[in-house]
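Descriptive structure summary
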There are 2 protein chains.
Amino acid sequence: MSPGPEHQPASAAPAPPRWLDAEEQKAWRAWLYSTTLLQDRLERDLTHSTGISNAYYEILVQLSEAPDRRMRMSQLADRCLASRSRLSHAVSRLEERGWVAREVCVEDGRGQLAVLTDVGMAALEEAAPVHVTSVREHLFDQLSPAQIAAMRDIGETLLRHLDPR
Amino acid sequence: MSPGPEHQPASAAPAPPRWLDAEEQKAWRAWLYSTTLLQDRLERDLTHSTGISNAYYEILVQLSEAPDRRMRMSQLADRCLASRSRLSHAVSRLEERGWVAREVCVEDGRGQLAVLTDVGMAALEEAAPVHVTSVREHLFDQLSPAQIAAMRDIGETLLRHLDPR
DNA sequence: CTCCGGTGGTTGAGCGTTGAACTGCTTGCG
DNA sequence: CGCAAGCAGTTCAACGCTCAACCACCGGAG
């Protein structure tokens, strides 16, 4: 919150924000609408043809890539960009489906491990082609190689700010 | 989410999808994580300091820009990228806060108009600086002019595919 | 005028998320 | 050893979203 080079009136009213100009508005709207519509579309495609939401899918993917197909709850939450509460609920529901199981953690009595079951792995393998097809159709197939490179660059730039690991 | 090569099912399925290669995976992850984190961050910033979610904010903005501060429910839903059901629920809640009112539509007895009240307008005016500051800080201030232009270009390209008006 | 398919909008149930409170375990410090 | 502080994870209540009925009204065909 250090003051900028220009002197602002150090007065009662807070400094007026820098509003978006017309060009910035258009960029902002394009980003907002396109990301929202794309997320919605991917979610719909996957859920309607497999019954697996993107949130569940992400959990299954992370577990499938983990050693022994198991991971600590909080690490799993971090990788899925989910809160602990949210992950705990989601794992409970996946447990009811028989796709994930819980194990107590040996090194730390407080910890729990989420384990991907064989049934869960099978469900993931059924969903994966649907997911990748959808991502290709609605994202990669729409963009030129230069646009894809720019998308990655922008994403990584924003990540350095939002998630400085 | 990231269907890695390790998930390829052994050729039993009809048409094997074109899996993402390593570069595409990175672009995909960067896009997915950055959009998710940015949306979360903007939502948090706005909700925590004003008590208005992005969904509500969007409704208020659209109404404030409409002639006479009123709009048909379905048009409002379209502009907010919301389902009719979702918008109906949201307007009900905004009505309880006294920020929006419903009016019957004269030209079409089936229709309803959502109207932004003075109290709602005041709430919007209080929230707007918070919102724009957050968007600047986490998006525009992080990107170069070239990146902003690319972001807009990508967004508009995707929109032509996802929402061919 | 009446019927009828289509449209605008609402409602209710079920599911998922959020944030805060809570339990149990571990770690460090005297 | 004993205790406080803090971490891992769960639970609860409130809220929001989705999907599928559902009601009311419009507009055209006979």
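Residues numbered from 1 in each chain as written. Chains lettered and ligands numbered in written order. Predicted model: local features only at pLDDT ≥ 70, side-chain atom pairs only at ≥ 80, totals over all residues. Heavy atoms only, no water.

**A few points about the pairing of strand β3 (residues 112–116) of chain B**
Residues and elements named next belong to chain B.
- For β3, a buried count of four out of five residues is recorded, marking the element as mostly surrounded by other parts of the structure.
- As judged from the three bridges shared by strand β1 (residues 70–72) and β3, these two strands associate in the antiparallel manner. Counted as the bridge partner of R72 is L113 from β3.
- Where strand β2 (residues 100–104) and β3 come together, five bridges link them in antiparallel fashion. Looking across to β3, one finds that R102 is bridged to A114. (Buried < 20%, exposed > 50% of the residue type's maximum accessible area, 1.4 Å probe, protein only. Helix = DSSP H or I, 4+ residues; strand = E, 2+ residues; numbered from the N terminus. Pairing = 2+ DSSP bridges.)

**Structural notes on the interface of chain A and chain B**
- In this assembly, 63 residues from chain A lie in contact with 62 residues from chain B.
- Between chain A and chain B, the buried area comes to about 6,100 Å², and carbon and sulfur atoms account for 68% of it.
- Contact with chain B buries surface across chain A, with W31, L81 and R136 of chain A losing the most and accounting together for 11% of the total.
- Counting every contact that joins chain A to chain B gives eight salt bridges.
- Among the salt bridges present, the one from D141 of chain B reaches R18 of chain A, with a minimum N-O distance of 3.2 Å.
- Run the count over chain A and chain B and you get 22 residue pairs in polar contact (both at pLDDT 80 or more).
- Looking at the side of chain A that touches chain B, the elements that each hand over two or more residues are α1 (22–50), α2 (54–65), α5 (118–138) and α6 (145–162) of chain A. (Contact = heavy atoms within 4.5 Å. Buried area = accessible area lost by both parts, 1.4 Å probe. Salt bridge = Lys/Arg side-chain N within 4 Å of Asp/Glu carboxyl O. Polar contact = N/O pair within 3.5 Å; in protein donor to acceptor, adjacent residues only side chain to side chain.)

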